[in-house]
Amino acid sequence: MTKTTISIIKADVGGFPGHSSMHPKLMEKANEQLKISKDKKEITDFYVGKCGDDLDLIISHNKGVDSSDIHGLAWDTFVKCTEIAKELKLYGAGQDLLADSFSGNVKGMGPGVAEMEITERKSEPLVCFLMDKTDPSAFNLPVYKMFADPFNTAGLSIDPSMIAGFKFEVYDIYNNKRVFLNTPEELHELLALVGSKSKYVIKRVYPKKGGKYPEDEPAAVVSTDKLSLIAGEYVGKDDPVAIVRAQSGLPALGEVLEAFAFPHLVSGWMRGSHCGPMMPVAMEDATPTRFDGPPRVVALGFQIANGKLVGPVDLFKDKAFDLTRQKASEIADYMRRHGPFEPHRLAPSEMEYTTLPKVLEKLKGRFEKVA
Ligand code: 13P
Ligand code: 13P
Ligand code: MG
Ligand code: MG
């Protein structure tokens, strides 16, 4: 049976205005480019999404993950969109394209990637999450809730096909290492790591061995490309994306979305240097303008049918998330009143790659030893 690959490849190639949203001409160009590939049958289907100033290419195909054809297509699309961004002098035109030319895989070149190769189930509901003004660790808490917290996901305790739990792949992003942890057995170890979100991020979640689904096909995948670590200096954060499959032995769609009903605090607001609440919004409302925020998440729901992307439904448009948005606004207000003080401003370790050291440099000679 042929497998289907779903790839989200994203980049900020220019904001309009500032870092707040996407110019329609970039969306048009991206649609035009991907349509050419679809017409040539190089890809099965596509959808061009956006979140704030990030352009999110959702592509289905049968070339597997890390395909140089697909990564090349995304890279070329970003380059073409950058040309327009430069003409319009959009802010940070080409911000996330860190290399001069494409060399086979966009990893380490600036764009973020989340992709999974799957055997399509009888019915394959799937959610593409797009975030802005944050980093990949913003997915730690909601993905933990979806796949390991019975207070969020009722199926973990009442659906026989989920009761065995899941397997988490966790990355240590500073040392380029990973560890696999099984839940519920190693739930506490998992939380010990992923609660420390500046260092550990959830990369994938897998079904367990002997369950309903192949153990090597992820149920969830998150982009974890840490731009600041790639460039060695702040060049724009790594606003992340994720793909989560739902239903029938996996969390129900409503359990997947329920994980965002609590506006948890994430890193990355304003200059990539502040902490603020995650606000779930409709795609049209992903326009972070208050202090360049607060951070946003968009959820696009699809049914996959032989590679076709049936959808999307803009899931956070639902009025049921109004209260979460209201709460997020209240928390944003509370956090803002701390001004330059932690924990609104991130700790120096998380600001390591920002311009702060340059400010401190000025004072270097003026620190005196205290007896
Ligand atoms: P499934 O087991 O078919 O995913 O149904 C669960 C459900 O949707 C309940 O909300
Ligand atoms: P982006 O990473 O979304 O470009 O935002 C930059 C920023 O920090 C704006 O305050
Ligand atoms: Mg930007
Ligand atoms: Mg952005």
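Right above here is the structure, for reference.
These numbers come from a predicted model, not from an experiment.

Let us look at the overall build of the chain. Each helix and strand in the chain was counted, giving 10 helices and 15 strands. In terms of C-alpha radius of gyration, the chain reaches 20 Å, essentially the compact-globule figure of 21 Å for 371 residues. If you line up the chain on its principal axes, its C-alpha atoms span 70 × 50 × 40 Å. The buried share of the chain, taken over its 371 residues, is 54%. Of the contacts formed within the chain by residues at least 6 apart in sequence, a portion of 68% connects residues at least 24 apart. Just so you have it, the chain exposes about 16800 Å², and 54% of that area is on carbon and sulfur atoms.

The next subject is the pairing of strand β14 (residues 296-305). In terms of burial, β14 is largely enclosed, as 8 of its 10 residues are buried. With 9 bridges joining them, strand β5 (residues 124-132) and β14 adopt antiparallel strand pairing. Each residue of the ladder has a partner; that of Phe129, found in β14, is Ala299. The pairing of strand β13 (residues 279-280) with β14 spans 2 bridges and is classified as parallel. Following the sheet pairing, Pro280 is matched in β14 by Val297.

Not every one of the 13 residues close to ligand 2 is listed here, only the nearest: Asp12, His19, Lys133, Arg271 and Asp292. Here His19 contributes a side-chain N or O atom positioned 2.8 Å from an oxygen atom of ligand 2. Between Gln95 and ligand 2, the recorded distance is 2.9 Å, taken from a side-chain N or O atom to an oxygen atom. When isolated, ligand 2 has an accessible area of 310 Å², and the protein chains bury 97% of it.

On to unusual backbone geometry, then. Here the bond from Phe16 into Pro17 is cis, since omega is -20°, no more than 30 degrees from zero. Tracing the chain through its elements places Pro17 in the loop between β1 (4-11) and α1 (24-39). Along the chain, Gly293 connects to Pro294 via a cis peptide bond; the corresponding omega equals -10°. One can find Pro294 in the loop between β13 and β14. Its identity as a non-glycine residue notwithstanding, Ser248 has a phi of 50°, on the positive side. For Ser248, a relative accessible area of 41% translates into the label partly exposed. In the Ramachandran plot, Asp292 falls in the positive-phi region, its phi being about 55° despite a non-glycine side chain. For Asp292, the position within the fold is in the loop between β13 and β14.

Quick look at the pairing of strand β7 (residues 177-182) now. Inspection of the sheet shows strand β6 (residues 166-172) paired to β7 by 6 bridges, in the antiparallel sense. Bridging from a neighbouring strand, Asp172 pairs with Lys177 of β7. The turn joining β6 and β7, which pair antiparallel and follow one another in sequence, is formed by 4 residues; a positive phi near 55° is taken by Asn176.

This part is about the coordination of the magnesium ion (ligand 3). Bound to the magnesium ion (ligand 3) on the protein side are Asp12 (OD), His19 (ND1) and Asp53 (OD), at distances that span 2.0 to 2.2 Å. For the magnesium ion (ligand 3), the donor residues sit on a single chain with the sequence spacing D-x6-H-x33-D. The metal-metal distance between the magnesium ion (ligand 3) and the magnesium ion (ligand 4) comes to 4.5 Å, with Asp53 coordinating both. With Asp12 in the loop between β1 and α1 and Asp53 in the loop between β2 (45-51) and β3 (54-61), this residue pair connects regions lying 41 residues apart in the sequence. No difference in accessibility class separates Asp12 from Asp53, as the two residues are buried.

Now for the coordination of the magnesium ion (ligand 4). Bound to the magnesium ion (ligand 4) are the protein donor atoms Asp53 (OD), Asp54 (OD), Asp132 (OD) and Asp239 (OD), situated 2.1 Å from the metal. Each donor residue of the magnesium ion (ligand 4) belongs to the same chain, and together they define the spacing D-D-x77-D-x106-D. For Asp53, a relative accessible area of 1% gives the class buried. Judged by its relative accessible area of 0%, Asp54 falls in the buried class.

Summarising the element assignment, Thr153 is placed in the loop between α3 (140-148) and α4 (155-158). Considering only alpha carbons, one finds Thr153 and Pro295, 142 residues apart in sequence, at a separation of 24 Å. Every residue in contact with Thr153, bar those within four places of it in the chain, is listed here: Lys145, Met146, Met162, Pro251 and Glu255.

Calculation notes
- Residues numbered from 1 in each chain as written.
- Chains lettered and ligands numbered in written order.
- Predicted model: local features only at pLDDT ≥ 70, side-chain atom pairs only at ≥ 80, totals over all residues.
- Heavy atoms only, no water.
- Helix = DSSP H or I, 4+ residues; strand = E, 2+ residues; numbered from the N terminus.
- Rg over C-alpha atoms; globule rule 2.2 N^0.38 Å.
- Buried < 20%, exposed > 50% of the residue type's maximum accessible area, 1.4 Å probe, protein only.
- Contact = heavy atoms within 4.5 Å.
- Areas by Shrake-Rupley, 256 points an atom, 1.4 Å probe, with all protein chains shown as cover.
- Pairing = 2+ DSSP bridges.
- Near = heavy atom within 4 Å.
- Polar contact = N/O pair within 3.5 Å; in protein donor to acceptor, adjacent residues only side chain to side chain.
- Donors = N, O, S within 2.8 Å, 3.2 Å for Na, K, Ca; no water.

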